[in-house]
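Take a look at the letters that make up each chain.
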Amino acid sequence: MVELTATLYADKESIQQLLGSDLGGYYVVVDVRLAPKNAEKIKVFRDDFQLRTDRDGEKSKPFAPSQIAGRGALIVTPSSEGRGGGLGIGLGGFGMGSPGTDTATNSSKMDKGAKNKENPLLGALNEKVLAEKETDQPISGLLFFPMEPKQKIKDLELTYAGPGSKLMLRFK
């Protein structure tokens, strides 16, 4: 029922050129274009997409712009004992631990953003994100997937499971 075209941006430099920010290096950005076939209307939802990596089997649904650059964010702070250390970032509540630590703990707090001004990146992301709507015309936009850095493009697969269609794309 639909034709899907996608361009993947997995490295910090290309994401920086595309958005004016590298999003901290913990996102993969996909520029998608959906075109309905036979002039039928389709409902487009970002949650119909999933990105998977063969490297470790990690799967990810796209984040909304407000989850990446919104006022409220979960701030994870590493604290470690022994050798090694943890890693934490405050981008949209995304955090992860570093392997090989003896004992690593993370503390977290919610930053409600009452004192903070709106992040200028939020406007840029909202402008470029894939719109969620019903359409009978081709539609395009960006999807932002939280994912471990340094993914190899050949290991990534995009799945679209929209109404009446299930498409899987491999990147080269």
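This text goes with the structure placed above it.
Cut-offs applied
- Residues numbered from 1 in each chain as written.
- Predicted model: local features only at pLDDT ≥ 70, side-chain atom pairs only at ≥ 80, totals over all residues.
- Heavy atoms only, no water.
- Phe/Tyr/Trp six-rings, centres within 6.5 Å; stacked < 30°, edge-to-face > 60°.
- Helix = DSSP H or I, 4+ residues; strand = E, 2+ residues; numbered from the N terminus.
- Buried < 20%, exposed > 50% of the residue type's maximum accessible area, 1.4 Å probe, protein only.
- Salt bridge = Lys/Arg side-chain N within 4 Å of Asp/Glu carboxyl O.

A. Local environment of the packing of aromatic side chains. In the structure shown here, the tally under the stated rule is two aromatic pairs. Ring plane angle 65 degrees and centroid distance 6.0 Å describe the contact between Y27 and F63, whose orientation is recorded as edge-to-face. Here Y27, found in strand 2 (residues 27-36), pairs with F63, found in the loop between strand 5 (59-60) and helix 2 (65-69); they are 36 residues apart in sequence, far enough to count as distant. Judged by its relative accessible area of 2%, Y27 is buried. Residue classification places F63 among the buried residues on the basis of a relative accessible area of 16%.

B. Structural context of the pattern of salt bridges. This model, assessed by the stated rule, comprises seven salt bridges. For the salt bridge of E132 with R46, the shortest nitrogen-to-oxygen distance reads 3.8 Å. Of this pair, E132 sits in the loop between helix 3 (120-128) and strand 10 (133-135) while R46 sits in the loop between strand 3 (42-44) and strand 4 (49-53), placing them 86 residues apart in sequence. We classify E132 as partly exposed; its relative accessible area is 41%. Owing to a relative accessible area of 16%, R46 belongs among the buried residues under this scheme. With a shortest N-O distance of 3.0 Å, R52 and D54 are connected by a salt bridge.

Distances and angles like these do not, on their own, reveal function.
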